[in-house]
Amino acid sequence: MATIVLTPRQKDELHKSILAFLSANGLSDTCASFKEELNLGPDFVDDATLKKYEGLLEKKWTSVVRLQKKIMELESRNLALQSELDSATPTSLARRNVDPTTWLPRAPARHNLVGHRAPVTSVAFHPVFSVLASGAEDSTIKIWDWELGELERTLKGHTKPVYDVDFGGPKNGILLASCSSDLTIKLWDPSNEYKNIRTLTGHDHSVSAVRFIPSASGQNLVSASRDKTLKVWEVATGYCVRTIQGHADWIRDVVPSFDGRWLLSAGNDQTARLWDASNSDHKATLVGHEHVIECCVFAPPSTYPYLAAMAGLKKPPSSNSYAEYIATGSRDKTIRLWDTRGTQLKVLTGHDNWVRALVFHPGGKYLFSVSDDKSIRCWDLQQDGRCAKTIDDAHGHFVNCIRWAPPQIKEDPQQGAESPAANGRTNGTTRKEDPLSGIRCVIATGSVDANVKVWAS
């Protein structure tokens, strides 16, 4: 016989809820039988009481199911944390606390930011504040506080999917740039409630990527388009100052070097190309992928000791040079490492689907990738590109983008806000004065599941 754990008052509440449920669903005979078997008098419940308790049983039931699901999630998270704790040594724990240069993300994410109604295509960190922008196929840009995990505002202006977002611009006036398949690039002013201050037109097809070009004045940005061109724009006026041609098909991605002297682009013609940003001269073509190249990045100087070893060099290039090595990711499921002369150094295999985005760890030892296989992979450059860690099911669907939070800014009266302007896919790497100072152990990813996730120490 079952043990009775309810108090008399709780039993009465339960009986009234059951009677209200039966009555509301037209089960009058069952309701009468229930009263009879429990010896409930005619005064136990009236129409007003039935009305009061109507729907209560369903609410309690759904609450229990929701809580059970939450408990299961917490138990799963607890098991993962306990497993990690059991396998950790005092040395590794100490290193995790003091050495951001070797930090790797781990599940679960600190924040899961929900709000977009379509796949998230891009994310970008503000160079100074704890602000994260995300662009999506719902034609909106959302501004989040990534430390609190809260939505601050939604920017509407594009009429078709937003493909890319980036912070940068003039040193005393950081702007947000966005691009879309509506053929436009828009500039938004964070200091004026993200007002749309300028719309740049000139591309003849979808604009796939946009990046501010790092410089002392932060006066230019570059865009890539399905019309097979790159365009360099003047931020202050919105004028197109240069059009770069050379690709034979849709250009999927473009990124400037950390000093703004070079541009790297890649796309559907299965090549990556290196350009002189000042005069559009073509420097090199990288050929080797067997499918569309989705993404490309410059390697920061902190990676040079490891990549030089892969290249068979005894001495790494100068850290004052910002365009020595490159990484590309493709629909052929591979990541390839190159020098800027076009020599392929290494092919990294492991993803089971298209590689969508790449970011170098500011510490220089790792390269991160995200893919349509829903995972984040960490590749150890010190170990010849071996996959050191995989976060499976990082999202519930394809992972489209990844960015590293920029370094914490230290006041420098000579540079002012110059360093923040270099946020254009610098992947959080700091300036040459101290390449490992102020590393923030924070990355953001966006997915076809319409969510943005923040991964942090």
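If you're wondering where the values come from, they're calculated on a predicted model, not measured in any experiment.

Chemist: Just checking my understanding: could you explain the overall build of the protein chain for this structure?
Modeler: Within the protein chain one finds 6 helices and 28 strands. Taking all 457 residues of the protein chain together, 52% fall into the buried category. The contacts of the protein chain with a sequence gap of at least 6 include a subset with a gap of at least 24, amounting to 52%. When the accessible surface of the protein chain is totalled, it reaches about 21500 Å², and 48% of it is carbon and sulfur.

Chemist: Can you walk me through the pairing of strand 24 (residues 376-380) in this structure?
Modeler: Each regular strand displays side chains that alternate between the two surfaces of the sheet. The buried count for strand 24 comes to 5 of 5 residues, which makes it a mostly enclosed element. Where burial is concerned, the two faces of strand 24 agree: the one with Ile 376, Cys 378 and Asp 380 and the one with Arg 377 and Trp 379 are both buried. Of the pairings in the sheet, the one linking strand 23 (residues 366-371) to strand 24 comprises 5 bridges and is antiparallel in character. Looking across to strand 24, one finds that Ser 369 is bridged to Arg 377. What sits between the antiparallel neighbours strand 23 and strand 24 is a turn of 4 residues, in which Lys 374 has the positive phi angle 75 degrees. Between strand 24 and strand 25 (residues 386-391), which pair antiparallel and follow one another directly, the connecting turn spans 5 residues, one of which, Asp 384, has a positive phi of 60 degrees.

Chemist: Looking at this structure, how should I read the sheet that holds strand 20 (residues 334-339)?
Modeler: Within a sheet, each strand pairs with its neighbour through backbone hydrogen bonds, oriented either parallel or antiparallel. Strand order in the open sheet formed by 4 strands is 18-19-20-21, with antiparallel pairing between adjacent strands. Among the strands making up the open sheet, the edge pair consists of strand 18 (293-298) and strand 21 (344-349). Averaged over all pairs of adjacent strands, the angle between strand axes in this sheet comes to 20 degrees, irrespective of strand direction. Across 5 bridges, strand 20 lies against strand 21 in antiparallel orientation. What sits directly across from Leu 337, in strand 21, is Lys 346.

Chemist: Can you help me understand the side chain of Asp 164 in this one?
Modeler: Mapping Asp 164 onto the fold places it in strand 6 (residues 162-168). Among the residues examined, Asp 164 registers a relative accessible area of 4% and is labelled buried. One polar contact links the side chain of Asp 164 to the main-chain amide nitrogen of Val 210, over a distance of 3.0 Å. Engagement of the side chain of Asp 164 in a polar contact is seen with the side chain of Arg 211, the distance being 2.7 Å. Aside from chain neighbours lying at most four places away, what touches Asp 164 is Thr 121, Ser 122, Ala 177, Ser 178, Cys 179, Ser 208, Ala 209, Val 210 and Arg 211.

Chemist: Would you mind showing me how to read the pattern of salt bridges here?
Modeler: Think of it this way: side chains of opposite charge can pair up when their charged atoms draw near. All told, the structure shown has 9 salt bridges when counted by the stated rule. Asp 164 serves as the salt-bridge partner of Arg 211, at 2.7 Å between the closest nitrogen and oxygen. Of the two residues, Arg 211 is situated in strand 10 (residues 207-212) and Asp 164 in strand 6; the sequence distance between them amounts to 47 residues. For Arg 211, a relative accessible area of 1% gives the class buried. Asp 269 is the salt-bridge partner of Arg 273, the closest N and O atoms lying 3.9 Å from each other. Asp 269 shares its class with Arg 273; the two are buried. One network of salt bridges, in which partners are shared, links Glu 294, Arg 331, Arg 356 and Asp 372.

Chemist: Would you take a moment to explain the sheet that holds strand 2 (residues 120-125) for this structure?
Modeler: An order of 2-3-4-5 is seen for the 4 strands of this open sheet, with the pairing classed as antiparallel. The open sheet has two edge strands with one neighbour each: strand 2 and strand 5 (150-156). Within this sheet the neighbouring strands show an average axis-to-axis angle of 20 degrees, counted without direction. When strand 4 (residues 140-145) meets strand 5, the two strands line up antiparallel, connected through 6 bridges. Residue pairing for strand 5: Ile 141 is matched across the bridge by Leu 155.

Chemist: Sorry if this is basic, but what is going on with the environment of Ser 191 here?
Modeler: Relative to the helices and strands, Ser 191 resides in the loop between strand 8 (184-189) and strand 9 (195-201). Look at Ser 191 and you get exposed, because its relative accessible area is 67%. A polar side-chain atom of Ser 191 sits 2.6 Å from a polar atom in the side chain of Asp 189.

Chemist: Help me out: how do you make sense of the pairing of strand 26 (residues 399-404) in this one?
Modeler: In terms of residue burial, strand 26 counts as a mostly covered element, since 6 of its 6 residues are buried. Of the pairings in the sheet, the one linking strand 26 to strand 27 (residues 442-447) comprises 5 bridges and is antiparallel in character. Looking at the pairing, Trp 404 lines up with Ile 443 of strand 27.

Chemist: What's the story with the confidence of the model for the protein chain in this structure? I'm lost.
Modeler: In low-pLDDT regions, the fine details of the predicted coordinates are not to be read closely. This prediction gives the protein chain a mean pLDDT of 87; 90% of its residues lie at or above 70. Counting contacts from residues 411-433, a segment whose pLDDT is below 50, to residues more than four positions away or on other chains yields 62 contacts.

Chemist: Where do I start with the environment of Val 452 in this structure?
Modeler: Relative to the elements of secondary structure, Val 452 occurs in strand 28 (residues 451-456). Accessibility expressed as a relative area gives 0% for Val 452, which makes it buried. Spatially, the C-alpha atom of Val 452 lies 9.8 Å from that of Ala 133, the residues being 319 residues apart in sequence. When near neighbours in sequence (up to four residues on either side) are disregarded, Val 452 contacts His 111, Asn 112, Leu 113, Val 120, Val 123, Leu 132, Ser 134, Trp 144, His 395, Thr 445 and Gly 446.

Thresholds, definitions, all that
One numbering rule holds for all chains: residues counted from 1, following each sequence as written. Totals for whole chains, interfaces and linings use every residue, but because this is a predicted model, local features are given only for residues with pLDDT of at least 70 and side-chain atom pairs only at 80 or more, for both listing and counting. Side-chain metrics in this entry use all non-hydrogen atoms of the structure; hydrogen atoms and water are not considered. Note on conventions: DSSP H or I runs of at least 4 residues are helices, E runs of at least 2 residues are strands, and numbering of each starts at the N terminus. Relative accessibility decides the category of a residue: with a 1.4 Å probe and only protein chains considered, values under 20% of the type maximum give buried, values over 50% give exposed, and everything between is partly exposed. Whether two residues are in contact is decided by their heavy atoms, any of which lying within 4.5 Å being enough. Each accessible area is a Shrake-Rupley estimate made with a 1.4 Å probe; only the visible protein chains count as cover when residues are assessed. Here, strands pair whenever DSSP counts at least two bridges between them. As a rule, the C-alpha atoms of each element are fitted with a line to give its axis, helices using only the stretch in contact, and angles between N-to-C directions run from 0 to 180 degrees. N or O atoms closer than or at 3.5 Å make up a polar contact, with two conditions inside protein: a donor-capable atom paired with an acceptor-capable one, and, for residues adjacent in sequence, both atoms drawn from side chains. In what follows, salt bridge is the name for a side-chain nitrogen of Lys or Arg lying within 4 Å of a carboxyl oxygen of Asp or Glu. For every residue, the predictor reports its confidence as pLDDT, a number between 0 and 100.

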